[in-house]
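Residue strings, one per chain:
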Amino acid sequence: MSDNEETGLDFDREWLEFADPNDADTIIRADATWLLSRWTCIFGQGCKGIEATLPDDGCCVHGAYFTDADDEKRVRKAAARLAPEHWQQHRKVAAAVVADTLADDDGIEQPARKTDVVDGACVFHNRRDFDGGYGCSLHAQALRDGAHPMDYKPEVCWQVPVKRDFSTVHRADGTSVDITWIGEFDRRAWGSGGHEFGWWCTSAPSAHVGAEPLYRSYRAELTALIGEAAYAKLVELCAAKEEAGLVAVHPATRKALTLRPRA
């Protein structure tokens with residue numbers, strides 16, 4: 001597909017809303033258009049990367065910001081399991097994590113910590129020419145250990161392309177309810193810099209080729225984000241919506257379906 005394959009950012013969406021089974025004061029609002037899409041990660045299989053000049057590095061070129069100290073601690077623990085033959089940048093281990101800043105919701109730069117960038121990509125990213133294996137060294141180590149990759153990787157790396165947000169709605173009767181939003185991690189979710197990406201997968205039909213809808217393929221990640229009981233309810237509602245027929249199909253999924261070779 002051409003470099004301008006991406007569909008637009010604004011289009012019709014369908015949403016599901018249900019009470020969180022584990023919290024009577026919380027409502028979950030989930031983007032059914034996104035969760036029923038056929039997005040799948042195509043890293044190493046057609047991914048063009050967010051930097052046009054570095055297609056083999058996917059979305060790993062800027063490193064990963066940690067959400068908190070526990071996130072960093074977990075990744076450091078996983079990194080300690082990496083042998084030199086499985087981690088191309090093992091000699092850079094002293095600089096695997098660096099201090100930086102990150103803009104908050106008000107655009108104010110705040111202290112932050114992230115994985116270092118070495119030779120144009122995350123310190124944990126192995127290049128194609130590395131004999132120990134191409135791609136995220138943490139991801140590969142998790143698979144070798146029989147663990148899920150999200151147990152080893154920075155949170156942002158396994159949450160993408162699902163975005164979780166929180167808000168509070170104050171009702172006219174004086175009560176309030178907390179909202180957990182589950183939706184698409186599109187270009188805008190990255191902040192203003194997302195619009196500078198050379199390519200982004202959530203709106204690219206070439207990445208909407210999954211064998212099953214996202215709400216099923218991302219079971220582990222969605223369960224981690226909203227809990228087992230809420231995920232079970234989400235599956236129930238998504239399956240019903242899938243059977244009834246989604247009206248607002250994700251445009252990238254729709255376009256991908258039209259481009260598939262006919263049998």
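Remember, predicted model here, so these are calculated numbers, not experimental data.

(A) Representation of the overall build of the protein in the model. Counting its secondary structure elements, the protein contains eight helices and 10 strands. Taking 263 residues into account, the globule formula puts the C-alpha radius of gyration at 18 Å, and the protein, at 19 Å, falls close to it. Principal axes of the C-alpha set define a box for the protein whose edges measure 60 × 50 × 40 Å. The buried share of the protein, reckoned over its 263 residues, is 43%. Of the roughly 14,000 Å² of accessible surface on the protein, a fraction of 50% belongs to carbon and sulfur atoms.

(B) Representation of the packing of helix H6 (residues 219–226) against helix H7 (residues 228–244) within the structure. It is at 7 Å that the axes of H6 and H7 come closest, and there the two elements cross at 125°. The angle between the axes of H6 and H7 places the two elements in the oblique class. Note that H6 runs across H7; the crossing there is right-handed. Across the interface between the two elements, Arg219, Leu222, Thr223 and Ile226 of H6 pack against Glu228, Ala230, Tyr231 and Leu234 of H7. For the contact of H6 with H7, a count of residues per class yields five nonpolar, one polar and two charged.

(C) Spotlight on the sheet that holds strand E2 (residues 26–31). Read from one edge of the open sheet, four strands run E1-E2-E10-E9, paired in mixed fashion. The open sheet terminates on both sides in strands that have one partner only, identified here as strand E1 (15–19) and strand E9 (162–170). The mean angle between the axes of side-by-side strands here comes to 20°, regardless of whether they run parallel or antiparallel. In this structure, E1 lies alongside E2, joined through five bridges in antiparallel fashion. Bridge assignment links tryptophan 15 to a residue of E2, and that residue is aspartate 31. Across the sheet, H6 lies against E2, E9 and strand E10 (176–184), angled at about 25° from E9, the strand it touches most.

(D) Focus on the environment of glutamate 228. When you line up the elements, glutamate 228 lands in helix H7. For the pair glutamate 228 and alanine 52, spaced 176 residues apart in sequence, the C-alpha to C-alpha distance is 39 Å.

(E) Representation of the packing of aromatic side chains within the structure. This model, assessed by the stated rule, comprises nine aromatic pairs. Between the aromatic rings of tryptophan 87 and phenylalanine 124, the centroid separation amounts to 5.0 Å while the plane-to-plane angle is 20°, which identifies the pairing as stacked. Of this pair, tryptophan 87 sits in the loop between helix H2 (69–79) and strand E3 (97–103) while phenylalanine 124 is found in the loop between strand E6 (121–122) and strand E7 (125–126), placing the two residues 37 residues apart along the sequence. Per residue, the accessibility class of tryptophan 87 equals that of phenylalanine 124, and both read buried. Taking 5.5 Å as the distance between ring centres and 90° as the angle between the ring planes, the aromatic pair formed by tryptophan 190 and tryptophan 200 counts as edge-to-face.

Rules behind the numbers
Counting of residues starts from 1 at the beginning of each chain's written sequence and follows it residue by residue. This being a predicted model, a pLDDT of at least 70 is required before a residue's local features are given, and a value of 80 or more before pairs of side-chain atoms are given or counted; all residues contribute to the totals for chains, interfaces and linings. As a rule here, side-chain values come from all non-hydrogen atoms in the structure, and water together with hydrogens is ignored. In this description a helix means any DSSP run of H or I spanning at least four residues, a strand means any run of E spanning at least two, and both kinds are numbered starting from the N terminus. Radius of gyration: C-alpha atoms only; globule rule: 2.2 Å multiplied by the number of residues to the exponent 0.38. Residue exposure (1.4 Å probe, protein chains only): buried if accessible area is under 20% of the type maximum, exposed if over 50%, otherwise partly exposed. A 1.4 Å probe and the Shrake-Rupley method give the accessible areas. Residues count as covered only by the protein chains that appear here. Comment: axis = line fitted to C-alpha atoms, over the contacting stretch for helices; angle = value between 0 and 180 degrees taken between N-to-C directions. Any angle between 65 and 115 degrees counts as roughly perpendicular, while under 35 counts as roughly parallel, over 145 as roughly antiparallel, and the rest as oblique. By definition, turning the near helix anticlockwise from the far helix through less than a right angle yields a left-handed crossing, and turning it clockwise yields a right-handed one. Only heavy atoms enter the contact rule, under which two residues are in contact if any of them lie within 4.5 Å. Three categories are distinguished: nonpolar for Ala, Val, Leu, Ile, Met, Phe, Trp, Tyr, Cys and Pro, charged for Asp, Glu, Lys and Arg, and polar for the others, with Gly belonging to the last. Pairing between two strands is assigned when DSSP locates at least 2 bridges connecting them. In this scheme Phe, Tyr and Trp rings, the latter by its six-membered ring, pair at centre separations within 6.5 Å, and the angle between planes marks the pair as stacked below 30 degrees, edge-to-face above 60, and tilted otherwise.

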